[in-house]
Amino acid sequence: MGGRPVAMPEQAVILVGGLGTRLRPLTYRTPKALLPVVNRPLISYELEWLRRAGVRQVLLAVGYQADILRGALGQGSAWGLDLAYVEEEEPLDTAGALKNCAARLHGRFWALNGDLIFDFDPAPMVRQHCQKGAVLSLTLRRVEDISPFGLILRDECGQVTGFLEKVSEDPTGQRTVNAGVYLMEPEALESVPPGRPWSNERNLFPGLVASGATVLGFLPETMPYWLDVGRLDTYLQANRDLLSGALPWVRAETAAGASLEPGARIIPPCSLAEGVIVRAGAQVGPFVSLGAGVEVGERARLRETVVLAGAKIGRQAQLSEVVIAPEEAVPPDYQQQGGVVFSG
Ligand code: GDD
Ligand code: MG
């Protein structure tokens, strides 16, 4: 296939219909895409990247918890983009979900797994994709542990030759995995059967390669940040990394409406949302995010912890590397290291 004119995509699809199983119990009431990272919904980092990449319209491929997502993110003009929702009656898996959006896609588009925080310059990838006439380009990332990801095999020209999803051995030694950020031409979806489950990783992508289509792997020269926030440990890691300045445009801040009683101590970096109260003698930080309306009782100690909106931490409680579910009441003197506090 020949080259195509180089043009940045104006549309994107974000896949947000998964069950968020590995982040249960937090995802029973809050969709994974809405879990706050440094007091902003996880998906807002992707929306911001897409906006900066010149995208105008984002289709959210939703199913499970669709109403909660729609209510929280809004539709029409929101986040500097035009947001629209395409709902699945039954989960259609990743490629089925993209196919479900096909009628609304007018040209080249980004497709994103919805649980990522990342940053890289999209222009060189778009250039390579267009110049080589690819129908699909996959962003790649080198990682230490390949087992939670899709290992991608490539030839010397960058053409993808194989997909090994969630394997522990890497026959190539390259450790290059699928970063979950795809650039697609609408014709990439032609072979996907409508209205039934079909997987990007197991059906569509290997099928395109087998059909002889140009499918490219693109390993960005620099990728300042990339994380799949699909598990509790990576959720806490995202909070730590972003508070540490991993994305230069994300700041650890204390909202004007947060209040600290005399003798309360904040050890930076921390993020305190509106309406937070930290009582006398409490010590918060480092790497703590407190959601809107959170109250930290007298002499409580919190480090590397995320407290979701409305939760109350009893006096002298000690928490480290913990996520506290929204509206929880943590009793006085309670101690926990690691895990989630969720009483249902
Ligand atoms: N709309 C819709 N419908 N979305 C879905 C469905 C569905 O039926 N099933 C899953 N999704 C969404 C999830 O909400 C998530 O945003 C995305 O698809 C990917 O699902 P995950 O469950 O997070 O996949 P993973 O992390 O195990 O693996 C994927 O991502 C890795 C990179 O982070 C694969 O693409 C791997 O190959 C890749 O390396
Ligand atoms: Mg994931």
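To be clear, the structure that these remarks concern was listed above.
As the structure is a prediction and not an experimental result, all values here were calculated from the model. (Residues numbered from 1 in each chain as written. Chains lettered and ligands numbered in written order. Predicted model: local features only at pLDDT ≥ 70, side-chain atom pairs only at ≥ 80, totals over all residues. Heavy atoms only, no water.)

A.B. asks: Can you walk me through helix H5 (residues 200-210) in this structure?
C.D. replies: In an α-helix there are 3.6 residues to a turn, and that puts residues three or four apart on one side. Taken together, the buried positions of H5 are Asn200, Glu201, Leu204, Phe205, Leu208 and Val209. Here the buried residues of H5 occupy an arc of 130° about the axis, which is enough to place them on one side. H5 presents Arg202 and Ala210 as exposed residues on the side facing more than 90 degrees away from its buried surface. In this structure, the buried side of H5 is in contact with strand E1 (11-15), helix H3 (93-101), strand E9 (136-142), strand E11 (160-165), strand E12 (176-184) and strand E13 (215-218). The N-cap of H5, judged by a side-chain oxygen 3.1 Å from the amide nitrogen of Glu201 a few residues on, is Ser199. Of the residues flanking the end of H5, it is Gly212, one or two places downstream, whose phi is positive at about 90°. (Buried < 20%, exposed > 50% of the residue type's maximum accessible area, 1.4 Å probe, protein only. Helix = DSSP H or I, 4+ residues; strand = E, 2+ residues; numbered from the N terminus. Arc of directions from axis to C-beta. Contact = heavy atoms within 4.5 Å. Polar contact = N/O pair within 3.5 Å; in protein donor to acceptor, adjacent residues only side chain to side chain.)

A.B. asks: What is the right way to read the coordination of the magnesium ion (ligand 2) from this model?
C.D. replies: Every protein donor of the magnesium ion (ligand 2) is accounted for by Asp115 (OD) and Asp228 (OD), and the metal-donor separations fall at 2.1 to 2.3 Å. A residue pair is termed long-range when its members are at least 10 positions apart, and Asp115 in the loop between strand E7 (109-113) and strand E8 (116-119) and Asp228 in strand E14 (residues 225-228) qualify at 113 residues. Residue Asp115 is classed as buried on the basis of its relative accessible area, which comes to 7%. (Donors = N, O, S within 2.8 Å, 3.2 Å for Na, K, Ca; no water.)

A.B. asks: Hey, could you run me through the pattern of salt bridges in this one?
C.D. replies: In a structure, side chains of opposite charge can pair up when their charged atoms sit close to one another. All chains considered together, the criterion is met by 17 salt bridges. Residue Arg108 is joined to Glu185 by a salt bridge in which the shortest nitrogen-to-oxygen separation is 2.6 Å. Taken as a pair, Arg108 in the loop between H3 and E7 and Glu185 in the loop between E12 and H5 lie far apart in primary sequence, 77 residues in all. Each member of the pair, Arg108 together with Glu185, is buried. Among the ionic pairs, Arg231 bridges to Asp233, the shortest N-O distance being 2.9 Å. Since its relative accessible area comes to 32%, Arg231 is described here as partly exposed. Beyond isolated ion pairs, a larger network of salt bridges with shared partners links Arg4, Arg108, Glu185 and Glu187. (Salt bridge = Lys/Arg side-chain N within 4 Å of Asp/Glu carboxyl O.)

A.B. asks: Hey, could you run me through the site of ligand 1 in this one?
C.D. replies: Taken together, 26 residues are adjacent to ligand 1, and Glu88, Lys166, Asn178, Glu201 and Asp228 come closest. Gly17 places a main-chain nitrogen or oxygen 3.0 Å from a nitrogen atom of ligand 1. Residue Asn178 places a main-chain N or O atom 2.6 Å away from an oxygen atom belonging to ligand 1. Here ligand 1 has 750 Å² of accessible area as a free molecule, and 90% of this is covered by the chains. Those elements giving two or more residues to the shell around ligand 1 turn out to be H3, E12 and E14. Ranked by residues supplied to the shell around ligand 1, first place goes to H3 with three residues. Split by residue class, the shell around ligand 1 holds 10 nonpolar, seven polar and nine charged. (Near = heavy atom within 4 Å. Areas by Shrake-Rupley, 256 points an atom, 1.4 Å probe, with all protein chains shown as cover. Nonpolar A, V, L, I, M, F, W, Y, C, P; charged D, E, K, R; others polar.)

A.B. asks: I tried to follow the sheet that holds strand E20 (residues 288-290) on my own but got confused; where do I start?
C.D. replies: One key point about sheets: their strands pair by backbone hydrogen bonds, in either a parallel or an antiparallel sense. Ordered by their spatial adjacency, five strands build an open sheet running E17-E20-E23-E26-E29, and the pairing between neighbours is parallel. Strand pairing shows two members of the sheet lacking a second neighbour, strand E17 (270-272) and strand E29 (340-341), which therefore form its edges. Sheet topology places E17 next to E20; three bridges connect them, and they run parallel. Paired with Ser271 across the bridge in E20 is Ser289. (Pairing = 2+ DSSP bridges.)

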